[in-house]
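Architecture at a glance
Listed below, chain by chain, are the residues.
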Amino acid sequence: MTLGIRDSSAVEDLPFSIPTKPAPAPVPEPPDPNQKRRVALAAGLSLLWGIFTLLAQFSGALNAFEEPLLDWRQSLHSYPIKPSDQLALVAIDAIPADRPWPWSRLDYTLMLRSLIDYAPQSVVFEMNLNDRDTDYTSFDTTFSHIIERANIVVFAATVMTTNNSAPPPAKLGSLPFHGDTHLVPRFGSAIWPMETFAGASPVGANNLESESGLRIRRLPLVFMLNQKMIPSLALQAAAQFLGADLSLSEVQVGRAIFLRRKDGKLLRTVPIDDQGRMQIRYHPTPTTSWQASFDNILVYDDQLHNGLIPEHNLRSLAHRQVWIGRTDLGQREIFNTAVGKLSRVEVQLQAERTILDQDYVRPLPPMILAALYLLIGIGGAAALIKLGPIHSAAILIVLLAFWVESSILAFRLYNVILPLPSFVMLIFGTYMAGLLASYWELEPETDPRQLPLKLN
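Attention here is on the structure that accompanies the text. Everything numeric in this text was worked out from a predicted model, so none of it was measured.

**Comments concerning the overall build of the chain**
What the chain contains, in helices and strands, is 12 helices and 20 strands. Put simply, 78% of the contacts in the chain that link residues at least 6 apart link residues at least 24 apart. In the form shown here, the chain has an accessible surface area of approximately 24,500 Å², with 61% of it arising from carbon and sulfur atoms.

**Topic: the pairing of strand 3 (residues 153-160)**
In terms of residue burial, strand 3 counts as a mostly covered element, since six of its eight residues are buried. Read as a crossover between parallel neighbours, the route from strand 2 (residues 122-125) over helix 5 (residues 138-149) to strand 3 is right-handed. As paired elements, strand 3 and strand 7 (residues 203-205) share three bridges and run parallel to each other. The residue bridging Ala157 from the neighbouring strand is Ala205, located in strand 7. Both strand 3 and strand 6 (residues 189-191) contribute to a ladder of three bridges, which runs antiparallel. What sits directly across from Thr158, in strand 6, is Ile191.

**Observations concerning the side chain of Asn128**
One can find Asn128 in the loop between strand 2 and helix 5. There is a polar contact of 3.0 Å between the side chain of Asn128 and the backbone oxygen of Ile191. Apart from the residues within four sequence positions on either side, Asn128 is in contact with Ala156, Ala157, Thr158, Ile191, Trp192, Pro193 and Asn206.

**Remarks on the sheet that holds strand 13 (residues 266-271)**
The four strands are arranged 4-11-12-13 in an open sheet whose pairing can be described as mixed. Unpaired on one side and paired on the other, strand 4 (177-178) and strand 13 mark the two borders of the sheet. As defined by bridge partners, strand 4 adjoins strand 11 (residues 250-252) across two bridges and the pair is classed as parallel. Across the sheet, Phe177 pairs through a bridge with Val251, a residue of strand 11.

**With respect to a nonpolar patch on the surface**
A grouping of Leu47, Ile51, Leu55 and Ile378 is seen on the molecular surface, where their side chains present a nonpolar patch of about 320 Å² in accessible area. Of all the elements, helix 2 (residues 35-58) adds the most residues to the nonpolar patch, at three residues. With respect to the helices and strands, the residue Ile51 is situated in helix 2.

**Points about the side chain of Glu352**
Locating Glu352 in the fold gives a position in helix 9 (residues 344-356). Of the buried charged residues, Glu352 lacks a salt bridge, with Arg268 as the closest side chain of opposite charge at 9.6 Å. A distance of 3.5 Å separates a polar side-chain atom of Glu352 from the backbone nitrogen of Ala238. Excluding anything up to four places from it in sequence, Glu352 contacts Leu87, Ala234, Ala237, Ala238, Phe241, Gln321 and Trp323.

**Some remarks on the packing of aromatic side chains**
In this structure the tally under the stated criterion is 15 aromatic pairs. Ring centres of Phe155 and Phe197 lie 5.5 Å apart, and the angle between their planes is 45°; this geometry places the pair in the tilted category. Linking Phe155 in strand 3 with Phe197 in helix 6 (residues 195-198), this pair joins segments that are 42 residues apart in sequence. As far as the burial class goes, Phe155 and Phe197 line up, both buried. A network of ring pairs unites the aromatic residues Trp101, Trp103, Tyr108, Phe125, Phe143, Phe155, Phe197 and Phe294 as a single cluster. Its end group placed over the ring of Trp103, Arg99 keeps NZ or CZ at 3.9 Å from the ring centre.

**Things to note about the nonpolar core**
Ranked by internal contacts, the top residues of the largest apolar core, which has 46 residues, are Leu219, Leu221, Val251, Ile257, Trp323 and Val347. Ranked by residue count, the leading element in this core is helix 7 (residues 233-242), at eight residues. Not counting the four nearest positions on each side in its chain, Leu221 is found in contact with Ile230, Pro231, Ser232, Leu235, Ile257, Val270, Ile272, Gly276, Arg277, Met278 and Ile355. Core analysis: the second largest hydrophobic core is formed by 33 residues, Trp103, Tyr108, Phe197 and Ala292 among them.

Cut-off values and rules
Residues numbered from 1 in each chain as written. Predicted model: local features only at pLDDT ≥ 70, side-chain atom pairs only at ≥ 80, totals over all residues. Heavy atoms only, no water. Helix = DSSP H or I, 4+ residues; strand = E, 2+ residues; numbered from the N terminus. Contact = heavy atoms within 4.5 Å. Areas by Shrake-Rupley, 256 points an atom, 1.4 Å probe, with all protein chains shown as cover. Buried < 20%, exposed > 50% of the residue type's maximum accessible area, 1.4 Å probe, protein only. Right-handed = clockwise from strand over helix to strand, strands pointing away. Pairing = 2+ DSSP bridges. Polar contact = N/O pair within 3.5 Å; in protein donor to acceptor, adjacent residues only side chain to side chain. Patch = residues over 30% accessible without salt bridge, like charges linked within 9 Å, V, L, I, M, F, W, Y side chains within 5 Å. Salt bridge = Lys/Arg side-chain N within 4 Å of Asp/Glu carboxyl O. Lys, Arg positive; Asp, Glu negative; His and termini not counted. Phe/Tyr/Trp six-rings, centres within 6.5 Å; stacked < 30°, edge-to-face > 60°. Lys NZ or Arg CZ within 6 Å of the ring centre and 35° of its normal. Core = buried A, V, L, I, M, F, W, Y, C linked by side-chain atoms within 4.5 Å.

If you want it as structure tokens, here you go:
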């Protein structure tokens, strides 16, 4: 019994856990004595990279990458925009085999006579009516009488590089200009509409300059013709609709076209580049709220005279500018745009709507863009030294995603372009500058208070 009690008390005296020696706490890494120097090095490298990126952005070296992304943004549905109530289109959408192109002037006479009864603000012929009538020359005279009854009829010309002595129409209208014009397209002659009916009408050049693959993003608004600056058809049409006087307007090459009224009032400031071109703001919605086929105009007019309601009411053309041009699939150029394939007349309608609605595509001001790029570059490189490569990479990726979303939103709301390729280039260079500075072998700093040892 005594032995049992002793054994029991011995067991009770045992500790509940076996004491172990605690593991030593990890030794914290000593702070990098060169951290400030590395931050300065990273900031300096990213500053140089930011300046290089800005030079690439402003020089246009990245346009080949930026413009397809701009097309993508224009193809997206932006803020709700209605088709224009200021413009209309009479489309020549079919060329019958029994009525080959070009058509007789009688066709235009009958159509125009049906239109002018409904008081359109003006009528624009997109095709160049430079040849005599295909059937009878008397039709040209008849056409001129109908034009005299109309309010304003604007005709198209075609400028050429060859030289000839054909005099320009009296109401062609040249524009005062300032600046370097060596990049503005120069031409030595033009094919003018016939003097018989177009001698007293405004005229504009209908030349379109496309890129490879008939891609068109910009429309020339002015051309140099024998040392004079003449308007394009779209600019002439916009000036007529707004009541601008081209002789009192002004072109500042590389900046803008200032359209002014006779009393000097500024009507529009149209941004242009060094070649006199305007960036077209495309929208997926139709350009005009009124569009009808050429052959149906006479039918609609007859229905209205007989008290019937036509599919397209010609009375809606009052105070509108009516364009007439080919939209058929044959014998014409089809241009590739951000919203699909368009005809010549549809491209020029998009350009004029850009002017009338002041719906211009604008880049972010250079000073603001430069300040943002340099701030992001220096801050991102310094953050990599402070936070390490993994955390800083996550922050830069989030910043890149935020910039992409902001670029879409800014373009939808305000037509402002936030560049994407240069920003990707900036983010990549910023990360590499910080990474390079973090692994750079720095020489130890010398204490200026320490005197150098003298050799005996």
